[in-house]
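# Close look at the chain arrangement
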Amino acid sequence: MTNRVAFIFVCGLILFAAAEPKDTDVLQDFQHINQLRSVGLLFADHFQDNTTRDLELQLPRVPSQEDLLCLSDWTQFMMALKAGQYWALKMIDAWGSIPSGILTGNAYDLGNFDECLNIKKEVSLGRTIRGKYCFLSVSPGKMLGLGNSIIGRVSVRTATCFPASCSAAHMTTFVGQLMKQVLNSSIPTTSMSVIESSCQTDEPEPWDGLTIFTVVILSLMGSTVAIFTLYDYFFCEDQDKLPAIVKVFSARVNSRALFRVVENKNNPNVIDCLHGIRCLSLIWVVYCHQYTMQTMGANLNILHFKSWSESSYASFVVHGFFSVDSFFFLGGMLVSLIALRSMDKTKGKLNVPLMYLHRLIRILPLLAIAILFYIRMMRIVSGGPMFKDGYMATSTCESTWYWTLLFVNNYMKEACPGHTWYLSVDMQLFVLSPILLIALYKWGKKAAAGIFVLIVLLSGCLFATMMVNNYSMLIKSTSNAATRKLYLATHTHAAPWLIGFLFGYFLYLNSGKKFRLSRVFVWAGWILCLAMIFTSIFALYPDAKWSAPRLSTLAESFYYTLTRVGWPLALCWVVFACMQGYGGLANSFLSSPLWQPLSRLSYSVYMWHMFIQEINVRSVRTNSYFSDYRVMLAFWSSFGLTLVLSYFMHLIIEAPFSGLDVFLRPKPKVSAAIREESDVVKAQQNEIEESVPPNKTPAD
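Residues numbered from 1 in each chain as written. Predicted model: local features only at pLDDT ≥ 70, side-chain atom pairs only at ≥ 80, totals over all residues. Heavy atoms only, no water.

### Notes on the overall build of the chain
Of regular secondary structure, the chain possesses 30 helices and five strands. Looking at the chain as a whole, 50% of its 700 residues qualify as buried. Across the chain, the fraction of contacts at a sequence separation of at least 24, relative to all contacts at a separation of at least 6, is 80%. When the accessible area of the chain is evaluated, it comes to approximately 33,900 Å², of which 63% is carbon and sulfur surface. (Helix = DSSP H or I, 4+ residues; strand = E, 2+ residues; numbered from the N terminus. Buried < 20%, exposed > 50% of the residue type's maximum accessible area, 1.4 Å probe, protein only. Contact = heavy atoms within 4.5 Å. Areas by Shrake-Rupley, 256 points an atom, 1.4 Å probe, with all protein chains shown as cover.)

This is the structure:
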């Protein structure tokens, strides 16, 4: 949802920026626009001399009870304005104006949101006038008859403030009267109107049943965690003998597990560099989403996005989808490697229902809470001029939430939340994985060859889809249809996942084996690896310029298809080289134990980062400036708050539900001989412990 809204928004900006107006036309249009700059002052000057009768006569219908109440409060406001009362002046002071910087993309003047909402004036016994904040949508060019000019394509929103008893329709009528006096012509509502959906007062909206349910669930989980944590802290001295239920819910235990840092050891079954790859990919995802969210805020210079997108630095953001392919590669590799090792222990048996259940317990609870939190809690925990309805995809979530919980929302028109399409693709591939696992275990390299053929066929399908439909993924020529079919569809991401799956099978076959490679081979491997990485990110940089001719569909199809294969192959080398001792500085960095806590928290961070980003962008009181440095500041702010929220949600939702998986696993059957041997060993240990003097330490 977020990506598509941003796409439509940016395309509109690009069409506007693509126009090359003549200097004389712009000058003439600006001379007209200056008449409308100080809307609030014009409004005050016009209406402070009006009477109630003047307003009644100008209403387009017979006044209703609501109309009379509005007119009564408006009369009080006009009288207070004439007398220079402070609250009335604040109501005018809170207004915005036609914003400066229209030609650089500034479409908002946010006025003073809090000043307006804080207005409370008791005018009579039991009657209080409160401020009401709304956006006035204005198309200056259409108002002035300049629809075909550069100004005619601009629509701006400016803040208004008026008594809360008046509706947006009332204010549209009043402002229309003002514009008629200033411009000597009637203004249609299509050119200027107060937007009812943007109106806000200081009165909190009553909680509905779903909001109460969300708060109750979070409170119950938080209370349960708090109780077991206190029990663990005050009544459990031996942490090695904690009851299982305490281990599941205790924040002390789960925090210790989360922040545990394990030193690197030469264990062939442990791949330390995966923590670094996972964390860097996560940071890349969050950083790219920060740019997406930033373009949807009130920016002074959003048209700078056009020139920014032509910079080489923008390639890291525009091609950030490779970070998602990194996650698919890791997912396929771990599914294959872990499951095949487990099948070795069970002599080829695979408990598929338990495998699915474990994944659902790990993923579904936090996802369900996230949906509730996004659509119900966002408007409670924050607010602002652009935050009237809370989460921007609330209406979508209310009608499509079940597709998300069924993990098929990547094939729907809208996803809720928007970035959860990845979970659907990953789950669908995971559901199919038992077939591949059984085939690999039973037929070995023949099944691996079949999977290789499948990768080739899926790559061919991606290539054919782009060629037949003439799709493009370049930001200057892409479309919603191309995004749905080339980016959100499961089969288009299956190649990186399957490459990771085959690589996991390779590691399984060569577990504990040490490869001796020549220096030339190692250097060649790293050169090819880095070449594939930088080619994937920067190959289309010259064609990304708006002045450059459009890249042929054939060339772009080859790029998009081959990089979907080349990127995971580059990661294969990174993992292999780090495991075999040929990683050098890369291995030292990626295998650092400091990555481990963030790696364990990565799922929560992924779920909650856009919640924080949207709050930070849409709760602003003033316009912002679009630049790489400003986005970087916003990123670190959002990332820090995301870590705090993710840690809290990990303790009360993710860790407890994941811990319940222990109770669902079948207990291994122990033979009588092994049980008797275990009893003998325990008896011998007890005798040894009794023979040790009590003043001795374990070290002694």
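### Examining the packing of aromatic side chains
Throughout the structure, instances matching the rule amount to 52 aromatic pairs. Ring centres of F328 and Y422 lie 4.9 Å apart, and the angle between their planes is 55 degrees; on these two criteria the pair is classed as tilted. Highlighted residues: F328 in helix α16 (residues 321-345) and Y422 in helix α19 (residues 421-443), separated in sequence by 94 residues. Residues F328 and Y422 agree in their burial class; the two are buried. Ring centres of W497 and F501 lie 5.3 Å apart, and the angle between their planes is 20 degrees; on these two criteria the pair is classed as stacked. Here the residue W497 and the residue F501 both occupy positions in helix α22 (residues 490-509), the gap between them amounting to four residues, near one helical turn. (Phe/Tyr/Trp six-rings, centres within 6.5 Å; stacked < 30°, edge-to-face > 60°.)

### With respect to the side chain of T214
Inspection of the secondary structure puts T214 in helix α10 (residues 209-235). A polar side-chain atom of T214 sits 2.8 Å from the main-chain carbonyl oxygen of L210. (Polar contact = N/O pair within 3.5 Å; in protein donor to acceptor, adjacent residues only side chain to side chain.)

### A short note on the side chain of T400
Assignment of secondary structure puts T400 in helix α18 (residues 394-405). Excluding residues that lie within four positions of it along the chain, T400 makes contacts with E414 and C416.

### Some points on the state of the cysteines
Going through the model one piece at a time under the given rule, you end up with four disulfides. Across a sulfur-sulfur distance of 2.1 Å, C116 and C161 are joined as a disulfide pair. The sign of the S-S torsion, about 90 degrees, decides the handedness of the disulfide formed by C116 and C161: right-handed. Of the two residues, C116 sits in helix α7 (residues 113-117) while C161 sits in strand β4 (residues 156-163), which places them 45 residues apart along the sequence. Here C134 connects covalently by a disulfide to C199, the sulfurs 1.9 Å from one another. Between C134 and C199 the disulfide shows an S-S torsion of about 120 degrees. By sign, it is right-handed. In this pair, C134 sits in strand β3 (residues 127-138) while C199 sits in strand β5 (residues 192-200), placing the two residues 65 residues apart along the sequence. Here the bonded cysteines of the chain are numbered in sequence order, and their pairing is 1-5, 2-4, 3-6, 7-8. No disulfide involves C572; its nearest neighbouring cysteine sulfur is the one of C529, lying 9.7 Å away. (Disulfide = S-S within 2.5 Å.)

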